[in-house]
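For reference, the chains in residue letters:
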Amino acid sequence: MALSLIAEQRSISKLFLQREQYVIPDFQRPYSWKLEQCRKLIDDLVEAYNAETDYFLGNIIIAVGEKKREQPHVVDGQQRLISIWLILKVMSVLKPEVKTLSDAIFTYNWDGTQSDLKIASEVIESDDKDWIEEIAGWGKSDFETKVRQHIKDGEFVYPPKGKSLAVNALYFYYVYNNFLKDYGEPELHSYLRFFLEQVTLLPIELVGANQEEANSRALTIFETINNRGMDLSDADIFKAQFYKFYSNRNQKDEFINRWKELEEK
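Quantities reported herein were computed from a predicted structural model and do not represent experimental measurements. (Residues numbered from 1 in each chain as written. Predicted model: local features only at pLDDT ≥ 70, side-chain atom pairs only at ≥ 80, totals over all residues. Heavy atoms only, no water.)

When you go through the protein chain residue by residue, the secondary structure sums to 11 helices and 11 strands. Computed over C-alpha atoms, the radius of gyration of the protein chain comes to 19 Å, within 12% of the 18 Å expected from 2.2 N^0.38 for 265 residues, which places it in the range of a compact globule. By principal-axis analysis of the C-alpha atoms, the protein chain measures approximately 55 × 40 × 40 Å. Long-range contacts, defined as pairs at least 24 residues apart, comprise 75% of the intrachain contacts of the protein chain with a sequence gap of at least 6. Put simply, the protein chain shows about 13700 Å² of open surface, and 48% of that area lies on carbon and sulfur atoms. (Helix = DSSP H or I, 4+ residues; strand = E, 2+ residues; numbered from the N terminus. Rg over C-alpha atoms; globule rule 2.2 N^0.38 Å. Contact = heavy atoms within 4.5 Å. Areas by Shrake-Rupley, 256 points an atom, 1.4 Å probe, with all protein chains shown as cover.)

Below is the structure:
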């Protein structure tokens, strides 16, 4: 049977200013970006902005169940997707007058009432879900207070230990708040427009009659990309293979619990 695959390059605004809620499924690894990855992302974005050119962030693999099309599962690419969401959260605090940014942080019902967070983590090995919810509620005073705890000699100090989600959110705030101070409101406004409209990703969507079928198809593509030389962890493939195997036998929960025990050991 041919895989039902859709691939269309999309801007950040088309990915995040829609009604979809991106779900990080339970078999995924925790969010783990550190300073090196965050700094590289920022440097690349600023370079593209200064060069007045578009910036392509790469592909992500998404599983879409027919019955829950507005809750696609992110099978690959969650590190970039969550990092983008953190930047959008920071921008929503620095640019509160841009009302559409709230659509990038939360999803909304048809009548405009707030529904859920744009990112929902179900990862079994971490407390990513709790941190995403906490960060979503931070205001300007929260960011300012927490950032000060990481400043030494005028520079942001990345701690050797600490939750990546929280620290990266503070680092992004530090960077873009300094951008605002150095270049002013109009320049940050121009940069935000670039970020929303000229930064793109390529979502590869695998559609299934239900979420389990969609996940299975997406994992097949995930494995194929890995076998073509993409830099993905062997452990991720190992876990994904077993997840698919046990899901097809209605033993997903048993596998998740056993895998979590192995992680803890």
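There is more to say after this.
To continue, consider helix α2 (residues 35-50). Under the 1.5 Å per step criterion, the end-to-end length of α2 is 22 Å for 16 residues, consistent within 8% with the ideal 22 Å. Within the span of α2, buried status applies to L35, C38, L41, I42, D44, L45, A48 and Y49. If you follow the buried residues of α2, they end up packed against β4 (55-65), α3 (78-94), α7 (164-183), α8 (185-198) and β11 (199-208). A positive phi of about 55° marks E52, the residue just after α2. (Expected span 1.5 Å × (residues − 1). Buried < 20%, exposed > 50% of the residue type's maximum accessible area, 1.4 Å probe, protein only.)

Attention shifts here to the packing of aromatic side chains. All chains considered together, the criterion is met by 12 aromatic pairs. With a centroid separation of 5.5 Å and 55° between ring planes, the pair formed by Y49 and F194 is classed as tilted. Residue Y49 is located in helix α2, and its partner F194 is located in helix α8; the two are separated by 145 residues in the primary sequence. Ring geometry for F143 versus Y173: centroids 4.9 Å apart, planes at 15°, classification stacked. With F143 in helix α6 (residues 140-148) and Y173 in helix α7, the pair connects residues that are 30 residues apart, well separated along the chain. Through successive ring pairs, a cluster of aromatic residues spans Y49, Y176, F179, Y183, Y191 and F194. (Phe/Tyr/Trp six-rings, centres within 6.5 Å; stacked < 30°, edge-to-face > 60°.)

Turning our eyes to something else, we now look at the confidence of the model for the protein chain. Note: predicted coordinates in regions of low pLDDT should not be interpreted at a detailed level. Per-residue confidence for the protein chain gives a mean pLDDT of 86, with 91% of residues at or over 70. When the elements of the protein chain are averaged for pLDDT, helix α10 (residues 234-247) gives the smallest value, 68, and α8 the largest, 97. (pLDDT = per-residue confidence, 0-100.)

Glancing now at the pattern of salt bridges. Using the criterion set out here, one finds 11 salt bridges in the structure. Between K140 and E144 there is a salt bridge, and its shortest N-O distance comes to 3.7 Å. Residue K140 and its partner E144 are located together in helix α6, separated by 4 residues, close to a single helical turn. With its nearest N and O atoms 3.6 Å apart, the salt bridge here joins R217 to E213. A residue pair is termed a helical-turn pair when its members lie 3 or 4 positions apart in one helix, as R217 and E213 do in helix α9 (residues 211-227) at 4 residues. (Salt bridge = Lys/Arg side-chain N within 4 Å of Asp/Glu carboxyl O.)

Now for α7. With 20 residues, α7 should reach 28 Å at 1.5 Å per residue; the first-to-last C-alpha distance of 28 Å fits that figure. In terms of burial, α7 is largely enclosed, as 16 of its 20 residues are buried. With its phi angle positive at about 90°, G184 sits one or two positions after the end of α7.

Mapped onto the elements of the fold, S92 is located in helix α3. Note on S92: relative accessible area 19%, which makes it buried. When the C-alpha atoms of S92 and K181 are compared, they prove to be 16 Å apart, with 89 residues separating the residues in sequence. Apart from the residues within four sequence positions on either side, S92 is in contact with L101 and I105. Only 2.6 Å separates the side chain of S92 from the backbone oxygen of K89, close enough to count as a polar contact. (Polar contact = N/O pair within 3.5 Å; in protein donor to acceptor, adjacent residues only side chain to side chain.)

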